[in-house]
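Survey of secondary and tertiary structure
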Amino acid sequence: MTTPLVERTLLPPDNRERLGGVLAALTTRRTTGAALISPDGKRVDLPPEIFEVVREVVEMLTQGLAITIAPHQMVLSTTEAADILGVSRPTLVRLLESGEIPFEQPGRHRRVRLADVLAYHERARRHQAAGLDQMVADAEDAGLYDLPTDMGFERLPADSDGE
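Within any chain, residue numbers begin from 1 and follow the written order of that chain's sequence. Totals for whole chains, interfaces and linings use every residue, but because this is a predicted model, local features are given only for residues with pLDDT of at least 70 and side-chain atom pairs only at 80 or more, for both listing and counting. Excluding hydrogens and water, the side-chain figures rest on all heavy atoms present in the structure.

With that settled, consider the nonpolar core. Soluble globular proteins: nonpolar side chains tend toward being buried together. Put simply, buried Ala, Val, Leu, Ile, Met, Phe, Trp, Tyr and Cys residues joined by side-chain atoms within 4.5 Å make one nonpolar core. Exposure classes here rest on a 1.4 Å probe applied to the protein chains alone. A residue is buried below 20% of its type maximum, exposed above 50%, and partly exposed in between. Leu76, Ala81, Leu85, Leu92, Ile101, Val112 and Val117 are the most contacted members of the largest nonpolar core, which totals 13 residues. Residues Leu26, Leu46, Phe51 and Val58 belong to the second largest nonpolar core, which totals 6 residues.

Below is the structure:
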């Protein structure tokens, strides 16, 4: 019998360079036909969605980032949900009370589904991106990006070390 997955965090290995070859092998546009070989030598074909998850996990680990794996039906406390969104708990409670994020309150404590927190996060990200796009369009319309014709400019050379 398998233990149900609650949450698991993977830390990057001390020697991240050894993941470079794995990432290179996984970095391909062709995701069909991907497979794993089990310890007993059995080939297990991977659906494209699973292949993408494996590739993204290895990519994040090579960048030194930790990965947390959690099922979407997971129910969070307000503190956990606030941590995921990067906001304070009172700010999260205001989002809950205003109806931005659905929640349940079976007793004294509010409970939020992880899927709802992630959906709100995506909506907020898209709203922010649309706002920034509109600000750029407004600035372009106002001529704020236009350089005066009598003013010369010089491009700075790009640093060779990426800074």
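All right, on to the confidence of the model for the protein then. Note: pLDDT gives the predictor's confidence per residue, expressed from 0 to 100. Per-residue confidence for the protein gives a mean pLDDT of 83; residues scoring 70 or more make up 83%. Element-level pLDDT for the protein is lowest in strand E1 (residues 8–10), with a mean of 76, against a maximum mean of 96 in helix H4 (residues 89–97). Secondary structure elements are taken from DSSP: a helix is a run of H or I of four residues or more, a strand is a run of E of two residues or more, and numbering for both begins at the N terminus.

Attention now moves to the side chain of Thr78. Looking at where Thr78 falls in the secondary structure, it is placed in helix H3 (residues 78–85). Take Thr78: its relative accessible area is 11%, and that puts it in the buried class. Contacts of Thr78, omitting those with residues within four sequence positions, involve Arg89, Leu92, Leu96 and Arg110. The criterion used for residue contact is that any of the two residues' heavy atoms lie within 4.5 Å.

Attention now moves to a negative patch on the surface. Residues Asp138, Glu140, Asp141 and Asp146 make up a contiguous surface patch of negative charge. Along the chain, Asp138 turns up in helix H5 (residues 114–141). Put simply, a patch holds well-exposed residues, over 30% relative accessible area, that have no salt bridge, with like charges counted together within 9 Å and Val, Leu, Ile, Met, Phe, Trp or Tyr side chains within 5 Å. Only the protein chains shown count as cover for residues, with accessible areas throughout obtained via the Shrake-Rupley method and a probe of 1.4 Å. One side-chain nitrogen of Lys or Arg within 4 Å of one carboxyl oxygen of Asp or Glu is enough to make a salt bridge. Charge convention: Lys and Arg are scored as positive, Asp and Glu as negative, and His as well as the terminal groups of each chain are ignored. By convention, the point assigned to a charge is CZ for Arg, NZ for Lys, CD for Glu and CG for Asp.

Next up on the list: helix H2 (residues 48–62). Taking 1.5 Å as the rise per residue, H2 with 15 residues should run 21 Å; its terminal C-alpha atoms sit 21 Å apart, in good agreement. Lining the buried residues of H2 we find E1, helix H1 (20–26) and strand E4 (67–69). By this rule the span expected of a helix is its residue count minus one, scaled by 1.5 Å.

Moving on, we come to the pattern of salt bridges. What the rule picks out here adds up to 8 salt bridges. Note that Arg55 is salt-bridged to Glu52, the shortest N-O span being 3.0 Å. In this pair, Arg55 and Glu52 are both assigned in helix H2, 3 residues apart and thus about one turn of the helix distant. Classification of Arg55 as buried rests on a relative accessible area of 17%. Overall, Glu52 belongs to the partly exposed group, its relative accessible area being 26%.

A separate point is the packing of H3 against H5. Throughout, an axis means a line fitted to C-alpha atoms (over the contacting stretch in the case of helices), and angles, computed between N-to-C directions, take values from 0 to 180 degrees. Following both chains from N to C, one finds H3 and H5 inclined at 30 degrees, their axes separated by 10 Å at the closest point. One finds that H3 runs roughly parallel with respect to H5. The handedness of the crossing between H3 and H5 is right-handed. Where H3 abuts H5, its residues Ala81, Ile84 and Leu85 lie against Leu114, Val117, Leu118, Tyr120 and His121. Should an angle fall under 35 degrees it is taken as roughly parallel, and over 145 as roughly antiparallel, whereas 65 to 115 is taken as roughly perpendicular and any remaining angle as oblique. For a crossing to be left-handed, the near helix must be turned anticlockwise from the far one by less than a right angle; the clockwise case is right-handed.

Quick look at the environment of Ala119 now. Tracing the backbone through its elements, the reader meets Ala119 in helix H5. For Ala119, a relative accessible area of 36% corresponds to the partly exposed category. For the pair Ala119 and Ile101, spaced 18 residues apart in the sequence, the C-alpha separation amounts to 8.6 Å.

Here we come to the packing of H3 against H4. Interaxial distance between H3 and H4 falls to 9 Å at its minimum, and their mutual angle equals 100 degrees. As far as their axial angle goes, H4 and H3 are roughly perpendicular. On H4, the residues touching Thr78, Thr79, Ala81, Ala82 and Leu85 of H3 are Arg89, Leu92 and Leu96. Of the residues assigned to the contact of H3 with H4, the class counts are 5 nonpolar, 2 polar and 1 charged. Under the scheme applied, nonpolar residues are Ala, Val, Leu, Ile, Met, Phe, Trp, Tyr, Cys and Pro; charged residues are Asp, Glu, Lys and Arg; polar residues are all the others, including Gly.

This brings us to the side chain of Ser77. Topologically, Ser77 is positioned in the loop between strand E5 (75–76) and H3. If near-sequence neighbours (up to four positions away) are discounted, Ser77 is found in contact with Arg110 and Arg111.

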